[in-house]
Structures are given as structure tokens and as C-alpha cells.
Amino acid sequence: GQQVMQIPQYQHVQEGEDFTTYCNSSTTLSNIQWYKQRPGGHPVFLIQLVKSGEVKKQKRLTFQFGEAKKNSSLHITATQTTDVGTYFCAAYSSASKIIFGSGTRLSIRP
Amino acid sequence: EAGVVQSPRYKIIEKKQPVAFWCNPISGHNTLYWYRQNLGQGPELLIRYENEEAVDDSQLPKDRFSAERLKGVDSTLKIQPAELGDSAVYLCASSLEGRETQYFGPGTRLLVL
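Because the structure is predicted, anything quoted here is derived from the model rather than measured.

## Quick notes on the overall build of chain A
On a plain count of helices and strands, chain A comes out with 0 helices and 11 strands. Listing every helix and strand of chain A by position from the N terminus yields β-β-β-β-β-β-β-β-β-β-β. Against the 2.2 N^0.38 benchmark of 13 Å for 110 residues, chain A shows a C-alpha radius of gyration of 13 Å, consistent with a compact globule. Its C-alpha atoms give chain A principal-axis dimensions of about 45 × 25 × 20 Å. Residues classed as buried in chain A amount to 47% of the 110 residues present.

As C-alpha cells, this is what we get:
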């Protein structure tokens, strides 16, 4: 069956450093979403990617969807303390199956 | 606009007891999702509804879990009997249609003793 792997599991950075999390699927995806969950909170939608090779930006956040639609990445430039949380990808298969990655927990040293 | 409402927010029960969670989605959202999230893990889809129809319940442990979405609006998820391993946060989410942005409720934190 479909598997989704997200790496790294944890990342601890100095404020101002960059951060990247990767999401890899064993099967081709129809679309992928990214969510952020603050400690003690619930997932909040960030972006959806649909097209092969798509790149979207939100201020310091850059999201990419691979050419083969089997992987995606989220890159944060110059992290700030407000970026702390866990970032999840949600992978949608062509059969409308939804699988969330295990998340990457970002912590930041001020 | 009101968000997804869930109740209760917290529940502590003894094993073998029944428990029920309630979710009211955002008005007009046809798709409703129930997830289970264990500590340090991503949400795991239990069941997805399109209006009243359960279109994906492949991950729902049907021997003890049941769900319903009468009239295609609010929904209830039940566990009977609860086991120690059911301790988790149960999240409800809704979206206008499938594959659209999911809006999550605050979740119900269940502890089974």
C-alpha cells in the first residue's frame, strides 16, 4: 500500500538559520498539502500543491512538488521563533486516500 | 465564521468503558474527517464522509469503533469498549469537498486508564 515518509523527524536550528523538511511517497500523488501544528494545538493548513514541479512561496516559506509527483519539500528561510512547531505533509493518492507524514518537529534557539 | 467544534475537549475513562466524541463541522462543508493522533505522530485517518456517506473507513477498527453522520452535518465517533491503546487525540476536520483545505477542530484528548 501507499507509504509516506517525512524526514527529518526533528530539527533544532539557531534563529536565522534555514530549515527544510521532505516528504516522500511510494506512489504517485494527485496532490499534497502541508500543515503546521503548534505545541498543544491542531494542524493548520499552509498550502496545497497539485501540479508536477509546482513551486509556491509564502513570505519565507517555499513549497515544492516534485516532477514525478512523488515527493515534496517545505523550506523556511531565516527561521524565527514563531516558526516553532511540527510540519506535516498530507499526501493524496489518485484513489483519494489521505496519508499524513509523521511530521518534522522544528525547535529554534533564540 | 465559526470553526470546527468538538466536544468534549478531554475525557478520562477506564478500560472497557464506552466513549463518544462529537464534531460539528464548518457550515456548508460536505466532507468530514475523523483522525486519531498519537503522541509524536501524524494524524491517522479513521473515516471520511462525503455528506452522509462514509467513503473511506478502511482504517477504522470496526470491531470497537463506529461512526455516524446523520443528515450530513455533525458526526459522532464511538469506541466500545475502550482499550489502553486508544489513548490519543481524536481530531475532526472538515472541508468544502474532498481534496480541499482541511480545517481541524481542537481535538478530544482521550486517556484510557
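Text resumes after the structure shown.
## Observations regarding the state of the cysteines
All names here are of chain A. Inspection of every chain in the model, using the stated rule, returns 2 disulfides over all chains. Between the sulfur atoms of C23 and its disulfide partner C89 the distance amounts to 2.0 Å. Given an S-S torsion of about 65°, the disulfide between C23 and C89 has right-handed geometry. Residue C23 is found in strand β3 (residues 19–25), and its partner C89 is found in strand β9 (residues 85–93); the two are separated by 66 residues along the sequence. As far as burial versus exposure is concerned, C23 and C89 are alike and both buried.

## Section: the packing of aromatic side chains
This structure, assessed with the given rule, holds 10 aromatic pairs over all chains. Consider the rings of F100(A) and F104(B), whose centres lie 6.2 Å apart with planes at 85°: the pair is edge-to-face. With F100(A) in strand β10 (residues 98–100) and F104(B) in strand β10 (residues 103–104), the pair connects residues from two separate chains. With respect to burial, F100(A) and F104(B) carry one shared label: buried.

## Concerning the sheet that holds strand β8 (residues 75–79) of chain B
Within a beta sheet, neighbouring strands are joined by backbone hydrogen bonds and run either parallel or antiparallel to one another. Residue and element names in this part refer to chain B. The strand order β1-β3-β8-β7 describes an open sheet built from 4 strands, whose pairing is antiparallel. The outermost strands of the open sheet, each flanked by one partner alone, are β1 (5–7) and β7 (65–68). If you compare each strand with its neighbour and ignore which way they point, the axes differ by 15° on average. Sheet analysis places strand β3 (residues 19–24) next to β8, joined by 5 bridges and oriented antiparallel. Each bridged residue has a counterpart across the sheet, and for W22 the counterpart in β8 is T76.

## Considerations on the sheet that holds strand β6 (residues 55–58) of chain A
Residues and elements named next belong to chain A. The strand order β1-β3-β8-β7-β6 describes an open sheet built from 5 strands, whose pairing is antiparallel. Edge positions in the open sheet fall to β1 (4–7) and β6, since each of these has one partner strand only. Strand after strand, the sheet turns through a mean of 15° between neighbouring axes, direction not considered. Where β6 lies against strand β7 (residues 61–65), 4 bridges are found, and the strand directions are antiparallel. By the bridge assignment for β7, V55 is matched with Q64.

The rules behind each value
- Residues numbered from 1 in each chain as written.
- Chains lettered and ligands numbered in written order.
- Predicted model: local features only at pLDDT ≥ 70, side-chain atom pairs only at ≥ 80, totals over all residues.
- Heavy atoms only, no water.
- Helix = DSSP H or I, 4+ residues; strand = E, 2+ residues; numbered from the N terminus.
- Rg over C-alpha atoms; globule rule 2.2 N^0.38 Å.
- Buried < 20%, exposed > 50% of the residue type's maximum accessible area, 1.4 Å probe, protein only.
- Disulfide = S-S within 2.5 Å.
- Phe/Tyr/Trp six-rings, centres within 6.5 Å; stacked < 30°, edge-to-face > 60°.
- Pairing = 2+ DSSP bridges.
- Axes fitted to C-alpha atoms, helices over the stretch in contact; angles between N-to-C directions.

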